[in-house]
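Coordinates in review
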Amino acid sequence: MRLIFELLFDLALLLGGAAVGWRVGSVGVSRLLAVGVFGFAWLVGGATSGHSPYPWTNLPVLLFALGGGSALGRALSPYAWGMSAVLALLSLADLTLAILPSPTPPSSVEPAGPFLYGNLVLFLSGGGRFVLGALDLLVATALGAYTWQRSLPFLTAVGTISLGLALAFLVAAVHPTHGLPLLAFFYGGWLIAGRWIRRNS
């Protein structure tokens, strides 16, 4: 049951990010980039200062992911291969990080500043927590902005995120593990959704 709630939590945030990227299509790239850079600077400053006032740590994560992701999607839009290339590179990096020892503290350990400033975190009353990486939300937002700019159906972003997340949680259900490379599953979802839409458009 917890896995289902975590799936719904991640899906709501990721689709919300894609919707933001889709809706801010008329906003200038420089403004979106400024929001993302401001959020990133806040993340770095907060993580290095050791001051972690949860839940306010989620605010710079949102600014970085939504602003930076929207700017990234818009910047990639002139290139038909742009999103595929970025997803492939980020998937490779995510897979590499998944192989390395995870710095994520167990649920029973008080999270450190860098962890809180690198993820959207929702603490639960029972002592557990739901976590979504800032980079995962940034990519979901970029997908929304990219599909809007290239006049693709929003279903492309929704399908990519939903398929990728479903595949990731299916693997987690069959083989429970910590820190799945979600971006690699996004890449698979992007390839499947894009192929389906091209065949039915």
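Residues numbered from 1 in each chain as written. Predicted model: local features only at pLDDT ≥ 70, side-chain atom pairs only at ≥ 80, totals over all residues. Heavy atoms only, no water.

1. Quick look at the side chain of Asp-136
- Relative to the elements of secondary structure, Asp-136 occurs in helix α6 (residues 134–149).
- There is no salt bridge for the buried Asp-136, and the closest opposite charge comes from Arg-129, which lies 13 Å off by N-O distance. (Helix = DSSP H or I, 4+ residues; strand = E, 2+ residues; numbered from the N terminus. Buried < 20%, exposed > 50% of the residue type's maximum accessible area, 1.4 Å probe, protein only. Lys, Arg positive; Asp, Glu negative; His and termini not counted. Salt bridge = Lys/Arg side-chain N within 4 Å of Asp/Glu carboxyl O.)

2. Regarding the environment of Ala-145
- Relative to the assigned elements, Ala-145 resides in helix α6.
- Through-space distance from the C-alpha of Ala-145 to that of Ser-77 is 8.3 Å; in sequence the pair is 68 residues apart.
- With sequence-adjacent residues up to four places away left out, Ala-145 is seen in contact with Gly-21, Trp-22, Gly-69, Ser-70, Gly-73 and Arg-74. (Contact = heavy atoms within 4.5 Å.)

3. Observations regarding the pairing of strand β2 (residues 129–133)
- For β2, the tally of buried residues reaches 4 of 5 residues, placing the bulk of the element in the interior.
- Where strand β1 (residues 119–123) meets β2, 5 bridges bridge the pair, whose relative direction is antiparallel. Counterpart to Leu-120 in the pairing with β2 is Leu-132.
- Counted along the chain from β1 to the antiparallel partner β2, the turn is 5 residues long, and its residue Gly-127 has a positive phi close to 105 degrees. (Pairing = 2+ DSSP bridges.)

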